[in-house]
Amino acid sequence: MELEFGPEYDRFREEVLAFLAETPRDVDRRSFLKAATERGYVYRSIPRRFGGSEQPFDPIRESIVAECFDASPFSWRLGPQSTGMLVPTLLEAGSDWQRERFIPPTLLGDFVWCQGYSEPGAGSDLAALRSTARLEGDEWVIDGQKIWTSDADHAGFMFGMFRTEPGADKHAGISYLLLEMDQPGIEVRPLRQITGATHFFEVFFDGARTKADWIVGRRGEGWRVARANLKYERNLGGGPRLRQRFAAVLELARTMRIGDRPASEDSVIRQRLAEIEGHVRCAETMTLRQLSAAARGEDDRVVLPMLVNKLYGTEVGEQIAQLGFDLIGADGLRAPERSTWDAVSTSARDTDWVDQYLFELASGIAAGSSNIQRNVIGERGLGLPRDLRAARARTPA
Ligand SMILES: Cc1cc2nc3c(=O)[nH]c(=O)nc-3n(C[C@H](O)[C@H](O)[C@H](O)COP(=O)(O)OP(=O)(O)OC[C@H]3O[C@@H](n4cnc5c(N)ncnc54)[C@H](O)[C@@H]3O)c2cc1C
């Protein structure tokens, strides 16, 4: 079995590593992303006129960049709402002026977006949402409430789903709107998390306004528009990321002592490490399989691997965090050291085990809960009968 990508890709990896080595440590994220775009490393599938690097489709190069960048000291990923959701949605369903206006500054982090989907009473069953928007002259007027809105305190903009067609069917009456957060009709209130931090918020709308043409897609088609990003969001495999996290917990096990020996020599800890390592290897193999399929153009069913990756990554991540938490012993009673939560850019290398452990509770819920992932994998992947009791599973966000 050939598990190497081959000399062409080895050379590419060296080139990426050389770029990282030459980059000054104190570079700001904006300049870093600009340089990485010019070199064709990031935003590969996005046309140049919208600020991307417009490279030929090559999932292996994409994965090499992500792996090398993740292992570098640079914080390069932007919030998933901005580049993982809004940008692909605009590419698929936006109008040209919306793409030109919003995508380039979003790619450099100048425009920060939050995602206004969930509401009290509308999470997994997202189409139960009740916040409304009605057209008044050349503006939408918005009323209602969103909840669990990550980054709402510093996002300049929101993309959200609002009921615009009173009386229409549950899924048919929703529209996808863009709006500015800094305006009198919007109040943002923090929600305190178990870690002590506040990264998501309640957002209240009381006559908030947005321009009539800040709608993506047509009226009442918001449900379809919100799903458009699935086609773009590849997120193949999670092997390298889990490998980095496993390396951190292994290092911890070698450092901590049980009695007069390193914890890594204790038979129970060794068993747990071996089990996790088995899962990490599975994830790595899945990554390679998915990359090979993508490189052959056989990944048209990309949604299913994404769901499996998220579920598997969450569960193995939980095991790693739990082991780290157990290894630090009584130190687990203290509050997390970090008050910031930048899960996207730092969690693979993070060694604040209290924060990791508490964060893992959230990852089984955020962006589609593990139960929902299981339902969809069972129904779409394994062909099991649909869950009749569920009105509708939500789109993985
Ligand atoms: C860290 C974090 C960040 C988030 N950021 C955002 C954000 O930026 N924007 C946003 O809009 N939302 C955000 N969310 C909300 C997230 O999308 C919802 O929490 C998620 O969709 C679940 O909805 P819910 O919390 O209402 O739980 P519910 O839907 O009420 O689910 C409760 C429990 O019931 C289970 N369940 C529900 N339906 C079924 C079913 N049919 N079959 C089996 N089990 C089921 C679920 O798995 C869960 O365990 C965030 C959540 C977290 C944790």
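Every value quoted in this text rests on a predicted model; they were computed, and no experiment measured them.

The rules we used
Residues numbered from 1 in each chain as written. Predicted model: local features only at pLDDT ≥ 70, side-chain atom pairs only at ≥ 80, totals over all residues. Helix = DSSP H or I, 4+ residues; strand = E, 2+ residues; numbered from the N terminus. Buried ≥ 20, exposed ≤ 12 C-beta atoms within 10 Å, placed from the backbone. Core = buried A, V, L, I, M, F, W, Y, C linked by C-beta atoms within 7 Å. pLDDT = per-residue confidence, 0-100. Contact = placed C-beta atoms within 7 Å. Pairing = 2+ DSSP bridges. Expected span 1.5 Å × (residues − 1). Bend = angle between axes of the 7 residues up to and from the residue. Axes fitted to C-alpha atoms, helices over the stretch in contact; angles between N-to-C directions. Left-handed = near helix turned anticlockwise from the far one by under 90°. Parallel < 35°, antiparallel > 145°, perpendicular 65-115°, else oblique. Nonpolar A, V, L, I, M, F, W, Y, C, P; charged D, E, K, R; others polar.

Trainee: Break down the overall build of the protein chain for me, citing the residues and quoting the values.
Mentor: If you tally the helices and strands in the protein chain, you get 12 helices and 10 strands. When each of the 397 residues of the protein chain is scored for burial, the buried share is 36%.

Trainee: So what's going on with the nonpolar core? Which residues, and what values?
Mentor: Among the nonpolar cores identified, the biggest contains 56 residues, and Met158, Tyr176 and Leu177 are the most heavily contacted of them. Core analysis: the second largest hydrophobic core is formed by 18 residues, Leu242, Phe246, Val249 and Ala263 among them.

Trainee: Break down the confidence of the model for the protein chain for me, with residues and values.
Mentor: When pLDDT is low, close inspection of the predicted coordinates is not appropriate. Confidence along the protein chain averages 88 in pLDDT terms, with 89% of residues attaining 70 or more. Contacts for the low-pLDDT stretch residues 339–349, under 50 throughout, to residues beyond four places or in other chains number 21 contacts. Throughout residues 393–397 the model reports pLDDT below 50, and contacts reaching past four residues in sequence, or to other chains, amount to 22 contacts.

Trainee: How would you sum up unusual backbone geometry? Please name residues and give values.
Mentor: In this structure, tyrosine 43 is a non-glycine residue whose phi angle is positive, near 50 degrees. In this structure, tyrosine 43 sits in the loop between α2 (29–38) and α3 (59–71). Residue tryptophan 148 is not a glycine yet carries a positive backbone phi of 60 degrees. Following the sequence through the fold, tryptophan 148 ends up in strand β3 (residues 139–150). For tryptophan 148, a count of 21 C-beta atoms within 10 Å gives the class buried.

Trainee: Give me the pairing of strand β1 (residues 113–116): which residues, what numbers.
Mentor: The alternating pattern of β1 places Trp113 and Gln115 on one face and Cys114 and Gly116 on the opposite face, and all of these are buried. In terms of strand pairing, β1 meets strand β4 (residues 157–163) through four bridges, oriented parallel. Bridge pairing in β4 places glutamine 115 opposite phenylalanine 159.

Trainee: Can you tell me about helix α4 (residues 80–93), naming the residues and giving the values?
Mentor: Compared with an ideal rise of 1.5 Å per residue, which puts 14 residues at 20 Å, α4 spans 18 Å between its outermost C-alpha atoms and is within 8% of the ideal. The sharpest bend along α4 reaches about 30 degrees and sits at leucine 86, with the proline proline 88 one to four residues further on. Among the 14 residues of α4, 12 are classified as buried, and the element is accordingly described as predominantly covered. Among the residues making up α4, those that are buried are Pro80, Gln81, Ser82, Thr83, Gly84, Met85, Leu86, Val87, Pro88, Thr89, Leu90 and Ala93.

Trainee: Which residues make up α3, and what values do they have?
Mentor: Because each turn of an α-helix spans 3.6 residues, side chains separated by three or four positions end up pointing in the same direction. Helix length check: α3 (13 residues) gives 18 Å between terminal C-alpha atoms against 18 Å at 1.5 Å per residue, within 8%. Of the residues making up α3, those classed as buried are Pro59, Arg61, Ser63, Ile64, Val65 and Phe69. Packing partners of the buried residues in α3 comprise α1 (7–22) and α8 (267–295).

Trainee: Requested: an account of the packing of α1 against α3, with residues and values cited.
Mentor: Where α1 contacts α3, the two axes come as close as 10 Å, and the packing angle between them is 35 degrees. Crossing handedness for the pair α1 and α3: right-handed. Taken together, the residues of α3 that come into contact with α1 (itself represented by Tyr9, Phe12, Arg13, Val16, Leu17 and Leu20) are Ile60, Arg61, Ile64, Val65 and Cys68.

Trainee: Please give an account of the packing of α4 against helix α5 (residues 96–107) that cites residues and values.
Mentor: Closest axis-to-axis distance for the α4/α5 pair is 10 Å, and the angle between their directions is 160 degrees. Relative to α5, the element α4 is oriented roughly antiparallel. In the crossing of α4 with α5, the sense of the turn from one axis to the other is left-handed. Between α4 and α5, the residues in contact are Ser82, Thr83, Leu86, Val87, Leu90 and Leu91 and Gln98, Arg99, Phe102, Ile103, Thr106 and Leu107, respectively. Counted by class, the contact of α4 with α5 contains seven nonpolar, four polar and one charged residues.

Trainee: Tell me about the environment of arginine 39, and please be specific about residues and values.
Mentor: In this fold, arginine 39 is placed in the loop between α2 and α3. Sequence separation of arginine 39 and valine 16 is 23 residues, and the distance between their C-alpha atoms is 9.3 Å.

Trainee: Explain the environment of leucine 333 residue by residue, including any values.
Mentor: Inspection of the secondary structure assignment puts leucine 333 in the loop between α9 (303–327) and α10 (343–346). For leucine 333, a count of 8 C-beta atoms within 10 Å gives the class exposed. Along the sequence, leucine 333 and valine 354 sit 21 residues apart, while their C-alpha atoms lie 8.2 Å from each other.

Trainee: I'd love a proper account of the environment of serine 63, names of residues and values included.
Mentor: By the secondary structure assignment, serine 63 is in helix α3. Given 23 C-beta atoms within a 10 Å radius, serine 63 is considered buried. Taking the C-alpha atoms as reference, serine 63 lies 9.3 Å from proline 240; in sequence the two are 177 residues apart.

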